[in-house]
Amino acid sequence: MTTSNCLEILLVDDDQDVLDAYHHLFSLAGYRTRIFTNPLSALDFIPIDWPGIVVTDMYMPQLSGMELLTQLKERDPRLPVIMISGHGDIPMALKAVKHGACDFLEKPIKPAELLALITKQLNSRHQYLQQKSSLNKTLTRELIGKSAQVNNIRQVLSEMALLDSNVCIYGESGTGRHNVASLLHSLSARATLPLIQLNGNQIKTISDIENLFTQASQASIILSFPELLSHEIQHWLAEFLLNQERTQSKPIRLITIFSDSPEIYIGEQSLLPELYYIINQSNIELPPLRKRPDDIAQLFHYFLKRSCNKLAKPLPSVDKSYLSTLRKHSWDGNVRELRNVAELFAIGIVKLTGQNRTQSMDQTHSPLDNLVNDYEKQIIEDALYLFSGRVADAANYLQIPRKKLYLRLKKHGVDKKDYKTL
Ligand SMILES: Nc1ncnc2c1ncn2[C@@H]1O[C@H](COP(=O)(O)OP(=O)(O)OP(=O)(O)O)[C@@H](O)[C@H]1O
């Protein structure tokens, strides 16, 4: 059985005799067919990514072939649709192809010609669906989350992966912007070519950027924070990218990363509109973790399992009340913070609750002052951990003056440096 035999051919024609003739022809060639005399029923039948192709007549009373084509393409732009007409009408053929028909045949049909076309389209549909299913598997494995937002990002990524457009990714730090950018590269046709990561504040002169971009031929480049480039360098970059478009050669695919919607930077005049229009051929917003709480448990289990595997430790059980604590946390550090919490959990340190400490305190029956001290120390440690040892941020988070926090650090013997590496 060839690959194309696994798929179906959906035939639409209001003339039952014609349908029977096609059906006979395709069955003899070993293809499975489905026939519809009413195009509206065919529309109802076809879901997105339907494993097959459509062959339709042009003139039908309920819905014209052109309208059927338009509606099918709105739902599934990649679905191959072959149009057949009794009238040799060149403008109509051109219109059909413009609306996405993969071919336009004129009656009387030459069976060998139709079969050759069908075989070609079934094979390319098969290839596309295989590619999409492998993309979806990779995305489900690498982009964890079950929220509607992450489902949507996976869908967008599977579409973008097959294109080669410049993409803007924006969101707060730790939301997974670089993860998504790397996925875009690894799913693209450039996957075997280099992926270069640059930061806007590293590029100081035109010759810096000229060297980087001209030497990086065929690569994907992830450029974080292009708004930090001088206007002169942004202008150079816009020209470089425009030139690529004009000459239809695309040595570089540029993926840019922002902390906020790029329009904000245009408003602040740190990003040139001329650069924005060429880097923003598509964009992806990564929402903060607090806005997609449905992802928290799944991400936590994913990171916990990964850490336990790395450490060759058995997977600890996670009770429901802890998962509910995680769900309620504000996650200012987004997925990165959650990853750190899961990694600590794997080695028995339970962050964001008094759980580990309370257990040891229960055993020693500490007096009240010790309990309070201990609890204060843990809250401070959690804040330092959250802000990677940055005292000013931790003090701000705890809503106490910085000086007071320093005094507390001294009292509890806590060293901010210990949190820098977490
Ligand atoms: N949905 C996700 N599924 C699996 N891992 C994720 C997901 N989102 C983020 N991560 C992981 O979380 C960590 C932080 O993500 P990433 O570095 O991509 O964040 P970022 O938004 O680029 O922030 P920064 O620019 O500060 O690095 C990485 O280890 C990344 O692999």
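Residues numbered from 1 in each chain as written. Predicted model: local features only at pLDDT ≥ 70, side-chain atom pairs only at ≥ 80, totals over all residues. Heavy atoms only, no water.

- In the annotation of an unreviewed UniProt entry, the entry for the chain reads Phosphoglycerate transport system transcriptional regulatory protein PgtA, and the organism field reads Shewanella violacea.

Quick look at the environment of Pro262
Then comes step 1: By the secondary structure assignment, Pro262 is in helix H10 (residues 262-267).
Then comes step 2: C-alpha of Pro262 to C-alpha of Glu227: the two residues are 35 residues apart in sequence and 8.6 Å apart in space.
Then comes step 3: Residues in contact with Pro262, not counting those within four places in the same chain, are Cys168, Tyr170, Leu271 and Tyr276. (Helix = DSSP H or I, 4+ residues; strand = E, 2+ residues; numbered from the N terminus. Contact = heavy atoms within 4.5 Å.)

Some thoughts on the domain arrangement of the chain
Then comes step 1: Split by domain assignment, the chain resolves into domain 1 (3-131), domain 2 (143-287) and domain 3 (291-419).
Then comes step 2: Between domain 1 and domain 2, the C-alpha centre-to-centre distance is 38 Å. (Domains from an automatic or database assignment.)

Concerning the UniProt feature "modified residue: 4-aspartylphosphate" (unreviewed entry) in the chain
Then comes step 1: Those places that UniProt annotates as "modified residue: 4-aspartylphosphate" (unreviewed entry) correspond, in this numbering, to Asp57.
Then comes step 2: If you trace the backbone, Asp57 turns up in strand S3 (residues 52-57).
Then comes step 3: Look past the residues within four positions of Asp57 in its chain and what remains in contact with it is Val12, Asp13, Asp14, Gly65, Ile84, Ser85 and Lys107. (UniProt positions renumbered as here; feature names shortened; annotations may be inferred.)

Digging into the sheet that holds strand S9 (residues 253-258)
Then comes step 1: As summarised here, the arrangement of the 5 strands in space is S7-S8-S9-S6-S10, forming an open sheet in which the pairing is parallel. The open sheet is flanked by strand S7 (195-199) and strand S10 (282-286), the only strands paired with a single partner. Taken pair by pair, the neighbouring strands of this sheet meet at an average axis angle of 20°, ignoring direction.
Then comes step 2: Relative to S9, strand S6 (residues 167-171) runs parallel, the two sharing 4 bridges. Bridge pairing links Tyr170 to Phe258 in S9. (Pairing = 2+ DSSP bridges. Axes fitted to C-alpha atoms, helices over the stretch in contact; angles between N-to-C directions.)

Overview of the pairing of S6
Then comes step 1: Judged by how many residues are buried, S6 sits mostly within the fold: 5 of 5 residues are covered.
Then comes step 2: On S6, burial covers both faces: Val167, Ile169 and Gly171 on one face and Cys168 and Tyr170 on the other are all buried. (Buried < 20%, exposed > 50% of the residue type's maximum accessible area, 1.4 Å probe, protein only.)

Let's talk about the sheet that holds strand S4 (residues 81-85)
Then comes step 1: Read from one edge of the open sheet, 5 strands run S2-S1-S3-S4-S5, paired in parallel fashion. Two strands bound the open sheet, and with one partner strand each, they are strand S2 (32-36) and strand S5 (103-106). Sheet twist, expressed as the average angle between the axes of neighbouring strands with direction ignored, equals 20°.

Quick look at the site of the ligand
Then comes step 1: The environment of the ligand is made up of 17 residues, and the closest members are Ser173, Arg177, His178, Arg336 and Arg339.
Then comes step 2: Within the backbone of Ile144, one N or O atom sits 2.9 Å away from a nitrogen atom of the ligand.
Then comes step 3: Within the backbone of Asn179, one N or O atom sits 2.8 Å away from an oxygen atom of the ligand.
Then comes step 4: Relative to its unbound accessible surface of 620 Å², the ligand loses 85% to contact with the protein.
Then comes step 5: Elements with a minimum of two residues in the shell around the ligand: helix H7 (177-186), helix H12 (296-311) and helix H14 (334-346).
Then comes step 6: Partitioning the shell around the ligand into residue classes produces 6 nonpolar, 6 polar and 5 charged.
Then comes step 7: In this structure, the shell around the ligand is formed jointly by two domains, domain 2 (143-287) and domain 3 (291-419), each of which donates at least three residues. (Near = heavy atom within 4 Å. Polar contact = N/O pair within 3.5 Å; in protein donor to acceptor, adjacent residues only side chain to side chain. Areas by Shrake-Rupley, 256 points an atom, 1.4 Å probe, with all protein chains shown as cover. Nonpolar A, V, L, I, M, F, W, Y, C, P; charged D, E, K, R; others polar.)

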